[in-house]
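Letter by letter, the chains look like this.
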Amino acid sequence: MRNDIERVLIDEAVIEKRLDGMAKDIERDFPGGTLVVIILLKGALVFAADLLRRVPRPLIIECLNVASYHGGTESSGKVDFLDRHFPEVKDHHVLLLDDILDTGRTLHAVRQRLIEEGAVAVHTAVLLAKDKPRAEEVEADYVGFEIADEFVVGYGLDYQGKYRNLPFVGVLKLSATS
Ligand code: XMP
């Protein structure tokens with residue numbers, strides 16, 4: 001798996017240090033009480049597990065299955081909600097976690113839906129944000145790292161279902177995508 005990586009963009013130690021900072025910011029910004037956290041599967045799994053263990057407050061953790069990439073390296077332009085049931089968010093403050101902000105379609109669509117479902121407020125946190133114009137007007141409240149507009153894998157992010165368990169964020173060799 002490591003042999004398929006062209007270069008490491010963000011290594012494990014740097015990610016860990018940044019998560020300490022993000023968790024402190026989240027803890028400082030939210031009013032007391034229980035916070036509902038929505039993890040977007042599967043990409044945000046690793047990020048969420050490491051971030052949320054650093055947030056010492058009552059959390060209700062929910063997951064949502066959405067699809068926008070369908071296994072390739074290009075966004076499909078459409079966001080599908082794949083679950084039969086939507087988490088209960090009415091009258092709650094919600095923190096929405098995703099792996100990466102790219103076109104912005106996913107965060108925009110899920111945020112809208114959370115508001116429609118009665119969330120008091122929706123804040124968003126992403127591990128990565130690509131430095132590019134968004135297709136939808138949305139930015140994350142908490143961003144781990146800004147990266148260039150290139151396809152990345154590792155630390156939850158996949159190419160055709162693989163590489164999610166790499167402990168760092170990296171760029172694939174061209175040969176691994178053919
Ligand atoms: P949008 O375009 O909706 O994209 O902001 C968000 C979702 O697209 C996936 N995505 C990526 N997945 N490497 C990946 O493995 C990437 O470089 C990448 N860029 C976008 C991801 O699932 C994210 O939630």
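For the structure, see preceding data.
Remember, predicted model here, so these are calculated numbers, not experimental data. (Residues numbered from 1 in each chain as written. Predicted model: local features only at pLDDT ≥ 70, side-chain atom pairs only at ≥ 80, totals over all residues. Heavy atoms only, no water.)

### Some thoughts on the pairing of strand β2 (residues 35-41)
To keep it simple, the criterion reads: Only protein chains enter the accessibility calculation, which uses a 1.4 Å probe. A residue is then buried if its area is under 20% of the maximum for its type, exposed if over 50%, and partly exposed in between. To qualify as a helix, a DSSP run of H or I must reach at least 4 residues; to qualify as a strand, a run of E must reach at least 2; elements of each kind are numbered from the N terminus. DSSP bridges decide pairing: two strands pair if at least two such bridges lie between them. The handedness rule is simple: strands pointing away from the viewer, and a clockwise path from the first strand over the helix to the second, make the crossover right-handed.
Counting buried residues along β2, six of its seven residues qualify, which places the element largely inside the surrounding structure. In the sheet, β2 pairs with strand β3 (residues 59-67) via seven bridges, with the strands oriented parallel. Within β3, the position partnered with Leu35 by the bridge is Leu59. As for the winding sense of the linkage, the β-α-β connection from β2 through helix α2 (residues 45-52) to β3 is right-handed.

### Let's talk about the sheet that holds strand β6 (residues 121-130)
Our working definition: Any two residues whose heavy atoms approach within 4.5 Å are treated as being in contact. Think of each axis as a best-fit line through the C-alpha atoms, taken over the contacting stretch in the case of a helix, with angles from 0 to 180 degrees between the N-to-C directions.
Pairing is mixed across the open sheet formed by six strands, whose spatial order is β4-β3-β2-β5-β6-β7. Every interior strand has two partners, whereas the edge strands, β4 (80-81) and β7 (142-147), have only one. As paired strands, β6 and β7 are joined by five bridges and run parallel to one another. Note on β7: the bridge partner recorded for Lys130 is Ile147. Each of β5 (93-101), β6 and β7 is contacted by helix α1 (residues 12-29), which is oriented at about 145 degrees to β7, the strand it contacts most.

### Observations regarding helix α3 (residues 105-116)
Owing to its 3.6 residues per turn, the α-helix brings residues three or four apart onto one side. The following threshold applies: Helix span, expected: 1.5 Å multiplied by one less than the number of residues in the helix. Our arc is simply the arc of the directions from the helix axis toward the C-beta atoms.
With 12 residues, α3 should cover 16 Å at 1.5 Å per step; its first-to-last C-alpha distance of 16 Å lies within 8% of that length. Of the residues making up α3, those classed as buried are Thr106, Leu107, Val110 and Leu114. The buried residues of α3 occupy one face: seen down the axis, they fall within an arc of 90 degrees. The inward-facing, buried residues of α3 contact β2, β3, β4, β5 and β6. With its phi angle positive at about 100 degrees, Gly118 sits one or two positions after the end of α3.

### Details of unusual backbone geometry
Across the junction of Leu41 and Lys42, the peptide omega takes the value -5 degrees, indicating a cis bond. The topology assignment puts Lys42 in the loop between β2 and α2. Phi is positive for Tyr163, close to 80 degrees, though the residue is something other than glycine. Relative to the helices and strands, Tyr163 is located in the loop between β7 and β8 (169-172).

### Section: the packing of α1 against α2
In plain terms, the rule: A crossing counts as left-handed when the near helix is turned anticlockwise from the far one by less than a right angle, and as right-handed when that turn is clockwise.
Packing of α1 against α2 brings their axes to within 9 Å, and their N-to-C directions diverge by 65 degrees. Of the two possible hands of crossing, α1 and α2 adopt the one that is right-handed. Taken together, the residues of α2 that come into contact with α1 (itself represented by Glu16, Leu19, Met22, Ala23 and Ile26) are Phe47, Asp50 and Leu51.

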